[in-house]
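Overview (structure and organization)
Listed here are the chains, written in short residue letters.
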Amino acid sequence: MKNKSIFLLAGIATLYFNNTYAQETPQDSTRTASIDQVVITGNSNPKKKIESSTAISTFSAKEIQKQNPISAAALLQRVPGFAVETSGGEVGNNLFARGIPSAGAYEFVQVQEDGLPVFEDGALQFANADNFFRVDNSVSRLEALRGGSGSIFATNSPGGLINFITKEGGNDFKGTAKLETSTYGLMRTDINVGGALVQDKLFFNVGGFYRTDDGIRKTGFKANQGGQIRMNLKYVFDKGYAKVYYKKLDDRNTFYLPIPLVQNGNNLKEFAGFDANYGTYSYRNISQLNIPQAGGGFFSRNLEDGIHPKVDVLGAEFKYDLGGNFSVLNKTRYTNINMNYTGIFPSGGPTSAVDFARSYGITGNNFQYSSVSSGAVMSPAFVQKLGFWAIDKQMNNFVNDLQFSYKFDKGNVTAGFYKSNWKSHQNWNWSNILATASDNPELLNLVDTSLTPNSTGYSKTYNGVTEMSFLLRDSQVQGSLNDLYANLDYNITDQLSFNGGIRYSRDFYKGYGVNTTSGNLNNSGLTTDGTHSFLTTTADDNMSVLGNKFTYWNYDVNRVSFTTALNYKINSENAVYARFSNGFRSPNEEAYYNNMTNLSAIKPVTTNQLEVGYKYYSRTFDIAVIPFYSTLKNLSFTDVFSDGTSENKFANTTNFGVELEGYARLFNNLLEITFNGTVQNPKYKDFVGNNADGTTFNYDDNTVRRMPKFYFNIAPAVNITKQWRAYASVNYYGKRFQDEGNTEKNILPAFSEVGAGTSYQLGKIRFAVDGTNIFNTIGITEGDPRSPLTGAGDIRMARPIMGAAVRASITLDF
């Protein structure tokens, strides 16, 4: 009887769902059938996804809306082959493509808007590409290409292309307005409108957002505040179109860095006095810096300004049919960026109050800590030295891509000339401060009680600063890129197609660095407190002073990149392909700076990649399985350490892996599942040499640092009714090593981050609630690359993902 009841209930449920969903797709369904999707990134002409011999993932505006990513990096977690660290906040995150190691940022992929770079080099120091881009409702879709033809259609992109394509207006006036709030004080408004000024001829689109919030980690100030606006105007004529556009971004974001944790094997716990999910050293109590300079004047900085780019972009696009199956396409853009970057970078891990005092030459118990704000004597168990890093960057980029195409019966051929001039000028001013080793930290002064207040070296701080402006840097790098490229698509048969591409890069880089000397304020006539001279403190003993000697450098790149591929379309739903590609990445900014006097020490990073793939696309089920193999040579490691020095090492790597991506719509649209995963084995090759202290190292065949061998994302969703949807997501990030030596102490444990949410579509109004890290998992994406071997006992420095948070939104489509 029991079994009969179960079968009866199952039958009734099946009949109900068949009747409810028959031939209908829920309004809030996340997916457009891939069998219908056309892609343009990494291809000379638009083509169906199944016919493209590339590893490419696509996300429509609707899919992006349903995922409601908290940052661009969070969205890119859904792309196989991309290992993404999202713990930095809304911006400043890191992406590693197919196991290619780097100091961070987007070093081996190019982030684009409408087929041109957000900025030519996406991995300049403290200028990650996502600093200058925000995802909002003006994005029409995202196309993310791994490897393959990336090096043919863009510069410095052997890892792939990330292309955000913006919305354009159509004949019908349409718009979207969204209001969003959260558990962390978020107030955000998005709006996008588009339509026709002249039917069939002149179209417009305007969109953007403004947002303010307190941050998931508690800073005591507005962690994120600002917004952007994007607009375009497109005129369509008989043989083509012309488009102009403008973007303005003015946004500031707090950048989150490592905090102390307690690690026992694979178990992570909170460090006493520090909330792992919501705490941060970037706090209001230590947010102001105002110190005299050895060269005169004062340097002032406000941590609350965070990463603050001001970006202006002006561009145009023109396409014309020349007749005889010839066409021309020209894209041009000018970008100007002024960015102030201020962050708190821990210098090592927490230190006991006794040990820290001893490290500054105080013997026995002759030390005294006091609060800078109140002057009260304090007895902290642990203290923390923090780097107060301030960087100013002035950047500009002019780029033009001119492309001619010819179509013939069996395919098409495209040839183009790519020109890009860019410049980045930066100034650094770094100091170290002393604070309690806790969230809500408090600035501390430290004195030697065995001396009198008038004695030389009595104080080890100046208003909480232990080293005043210990590092200044004034440097500039410029690029002039002159690239010729060609691409051929040829249909050998109705099922078999060939793709081949080549790019010749004749690129010129130059720059300079200003030398520095050391100074102090002992004879400046200034006092520390109105009474005592700077002889009484050691905080100014090694101040950096910019000199008047410039070291100039020039570096030329003369290389050819190429790719070739075959795609066999078995039928309308199945295809297989194979591709070989050779590409390169020019040396990065820090490599130039570290080797200005000996540029022969650096070389472009060269890559060889082989990939094969199987794709199946249907109305209800997609899957792509793509094994790949890559080798890299001359890879530079350029992490800047907390003392201002750079790692400056070089290695080769290999990687073999498999990317998996899929989607399923089951039980008459009741259940939807999207998933992606990557299995890989990135290894160092020929990685031997000398450390800065003269000791030798041999990391040959070790696992590449910060790279998980296995990571995946799975997101099931249930369409409870045609209007009501609920979803969950699981993001798994496998075990990694923090250091090249693969030491057991520096294992970063695997973790899973779970999100969940629900939405309800009421006509043209959508209500949604989205939760992230709902189980408050402590998961670390990186250790402390600036102080990689610090942490006493079971204390480790690491950057965890954000704690649990919930956002609620109302969206109106009109």
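Residues numbered from 1 in each chain as written. Predicted model: local features only at pLDDT ≥ 70, side-chain atom pairs only at ≥ 80, totals over all residues. Heavy atoms only, no water.

Considerations on the nonpolar core
If you look at the biggest cluster of nonpolar residues, it comprises 65 residues, and the most contacted ones within it are Phe 82, Leu 95, Tyr 106, Ile 162, Phe 164 and Trp 430. The element that contributes the greatest number of residues to this core is strand E29 (residues 465-491), accounting for 5 residues. Ranked by size, the runner-up nonpolar core spans 27 residues in total, among them Val 262, Leu 386, Met 468 and Ile 795. (Core = buried A, V, L, I, M, F, W, Y, C linked by side-chain atoms within 4.5 Å. Buried < 20%, exposed > 50% of the residue type's maximum accessible area, 1.4 Å probe, protein only. Helix = DSSP H or I, 4+ residues; strand = E, 2+ residues; numbered from the N terminus.)

Quick notes on the pattern of salt bridges
Oppositely charged side chains can pair when the atoms bearing their charge come close. Scanning the entire structure with this criterion turns up 32 salt bridges. A salt bridge links Glu 168 to Lys 234; its shortest N-O distance comes to 2.9 Å. Taken together, the residues span a long stretch of sequence, with Glu 168 in the loop between strand E11 (160-166) and strand E12 (174-182) and Lys 234 in strand E15 (residues 224-237) at a distance of 66 residues. For Glu 168, a relative accessible area of 34% gives the class partly exposed. One salt bridge in this structure joins Asp 190 and Arg 188, with 2.6 Å as the shortest N-O distance. Assessed through its relative accessible area of 13%, Arg 188 is described here as buried. (Salt bridge = Lys/Arg side-chain N within 4 Å of Asp/Glu carboxyl O.)

What to know about the packing of aromatic side chains
Enumeration according to the criterion identifies 44 aromatic pairs in this entry. Note on Phe 126 and Trp 430: the rings are 6.1 Å apart at their centroids and 90° apart in plane angle, and the pair reads as edge-to-face. Of the two residues, Phe 126 is situated in the loop between strand E8 (123-124) and strand E9 (127-128) and Trp 430 in strand E27 (residues 411-436); the sequence distance between them amounts to 304 residues. Note on accessibility: Phe 126 and Trp 430 belong to one class, buried. Residues Phe 710 and Tyr 732 carry aromatic rings whose centres are separated by 5.7 Å and whose planes lie at 50° to one another, so their mutual orientation is tilted. (Phe/Tyr/Trp six-rings, centres within 6.5 Å; stacked < 30°, edge-to-face > 60°.)

A few points about a nonpolar patch on the surface
On the surface, Val 718, Ile 720, Trp 724, Tyr 760, Leu 762, Phe 767 and Ile 810 cluster together to form a nonpolar patch covering roughly 590 Å² of accessible area. Following the sequence through the fold, Tyr 760 ends up in strand E44 (residues 751-762). Taking the relative accessible area as the measure of exposure, Tyr 760 reaches 36% and is therefore partly exposed. (Patch = residues over 30% accessible without salt bridge, like charges linked within 9 Å, V, L, I, M, F, W, Y side chains within 5 Å. Areas by Shrake-Rupley, 256 points an atom, 1.4 Å probe, with all protein chains shown as cover.)

Remarks on the sheet that holds strand E7 (residues 116-117)
Strand order in the open sheet formed by 5 strands is E3-E10-E11-E6-E7, and the pairing between neighbours is mixed. Single-partner strands in this sheet number two, and they are strand E3 (55-60) and E7. (Pairing = 2+ DSSP bridges.)

Description of the pairing of strand E24 (residues 367-371)
Counted residue by residue, E24 has 4 buried out of 5 residues, so it is predominantly covered. In this sheet, strand E28 (residues 444-448) lies alongside E24 in antiparallel orientation, the contact comprising 5 bridges. Bridging across to E28, Ser 371 finds its partner in Leu 444. Taken together, E24 and the strand that follows it, strand E25 (residues 377-378), pair antiparallel across an intervening segment of 5 residues, in which Gly 375 is found at a positive phi of about 80°.

Remarks on the environment of Ile 778
Within the secondary structure, Ile 778 is located in the loop between strand E45 (765-772) and strand E46 (780-782). For the pair Ile 778 and Leu 179, spaced 599 residues apart in the sequence, the C-alpha separation amounts to 30 Å. Non-local contacts of Ile 778, meaning those with residues more than four positions away in its chain, are made with Leu 261, Leu 268, Glu 270, Ala 276 and Asn 277. (Contact = heavy atoms within 4.5 Å.)

What to know about the side chain of Ser 71
Looking at the element boundaries, Ser 71 is found in the loop between helix H2 (61-67) and helix H3 (72-76). We classify Ser 71 as buried; its relative accessible area is 6%. Polar side-chain contacts of Ser 71 include one of 3.1 Å to the backbone nitrogen of Ala 74. If we ignore the near neighbours within four places in the chain, the residues touching Ser 71 are Gly 89, Glu 90 and Asn 93. (Polar contact = N/O pair within 3.5 Å; in protein donor to acceptor, adjacent residues only side chain to side chain.)

Description of the environment of Thr 41
By the secondary structure assignment, Thr 41 is in the loop between strand E1 (38-39) and strand E2 (47-48). Residue classification places Thr 41 among the buried residues on the basis of a relative accessible area of 3%. Linking Thr 41 and Ala 129, residues 88 residues apart in sequence, is a C-alpha distance of 18 Å. Look past the residues within four positions of Thr 41 in its chain and what remains in contact with it is Ile 56, Glu 143, Leu 145, Leu 161 and Asn 163. Side-chain polar atoms of Thr 41 contact the side chain of Asn 163, separated by 3.0 Å.

Re the pairing of strand E31 (residues 543-569)
Both strand E30 (residues 496-519) and E31 contribute to a ladder of 23 bridges, which runs antiparallel. Across the sheet, the residue bridging to Asn 499 is Ala 565, located in E31. Counted between consecutive antiparallel strands, the loop separating E31 from strand E32 (residues 574-585) contains 4 residues.

Some words on the sheet that holds E28
The antiparallel open sheet is built from 3 strands, whose spatial order is E25-E24-E28. Edge positions in the sheet fall to E25 and E28, since each has one partner strand and no second. Summarising the sheet, E24 and E25 pair through 2 bridges and their orientation is antiparallel. Bridging from a neighbouring strand, Ser 370 pairs with Val 377 of E25.

This is a description of form; function is not addressed.
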